[in-house]
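The lines below spell out each chain.
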Amino acid sequence: MENLEQRRAKNALSRAHGCRRQQGEGDCLSGYPGLIINSGLLACLAYSLEKEGQHQRVGDAISFHLHEMEICERVGGGASDAQWLLQYLSGQVNGARNQPATAHTLRRATDEALAFLGYLKRFVKTPLANLQP
């Protein structure tokens with residue numbers, strides 16, 4: 001049985017390689033938690049989709065993690081990405097139980113995203129990120 005920290009670390013490690021900064025991109029990971037705290041998860045996801053690149057890949061990683069943690073599950077179990085997460089948390093689409101997101105869901109998703117980013121930031125900057133294909 002895995003505890004919450006182990007699940008967060010496992011999900012972060014599985015997404016670390018894809019969230020690494022590519023040539024010509026700035027490093028958005030160090031500022032991502034602050035952006036969530038100051039502007040909220042919804043605004044941060046919208047900004048990520050606008051910026052694309054590493055921003056969007058980090059948003060996709062957060063969406064993957066929230067789906068894996070069963071906080072924001074996609075209908076039919078399809079792949080979760082930042083675009084879908086933004087639509088779900090803003091009430092435009094329903095989740096797996098055919099229910100819209102509530103204020104409680106948004107708060108829980110925000111808290112979990114911040115906890116997950118703590119691991120993702122560290123794993124992206126370590127040689128562990130190179131182990132994942």
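Here's what I pulled together on the structure shown here. Everything numeric in this text was worked out from a predicted model, so none of it was measured. (Residues numbered from 1 in each chain as written. Predicted model: local features only at pLDDT ≥ 70, side-chain atom pairs only at ≥ 80, totals over all residues. Heavy atoms only, no water.)

Residues that lie three or four places apart on an α-helix share one face, since the helix turns once every 3.6 residues. If you check which residues of helix H3 (residues 41–51) are buried, you get Leu41, Cys44, Leu45, Ser48 and Leu49. Relative to the axis of H3, the buried residues are bounded by an arc of 135 degrees and lie together on one face. Residues of H3 that are buried make contact with helix H2 (32–39), helix H4 (53–68), helix H5 (82–89) and helix H6 (103–124). Residue Glu52 follows H3 closely and has a positive phi angle near 65 degrees. (Buried < 20%, exposed > 50% of the residue type's maximum accessible area, 1.4 Å probe, protein only. Helix = DSSP H or I, 4+ residues; strand = E, 2+ residues; numbered from the N terminus. Arc of directions from axis to C-beta. Contact = heavy atoms within 4.5 Å.)

Before going further, it helps to spend a moment on the nonpolar core. Judged by nonpolar contacts, the single largest core of 33 residues is most densely connected at Val58, Ile62, Cys72, Leu89 and Leu120. Broken down by secondary-structure element, the contributors of at least two residues to this core are helix H1 (4–16), H2, H3, H4, H5 and H6. The dominant element in this core, judged by the number of residues it contributes, is H6, at seven residues. (Core = buried A, V, L, I, M, F, W, Y, C linked by side-chain atoms within 4.5 Å.)

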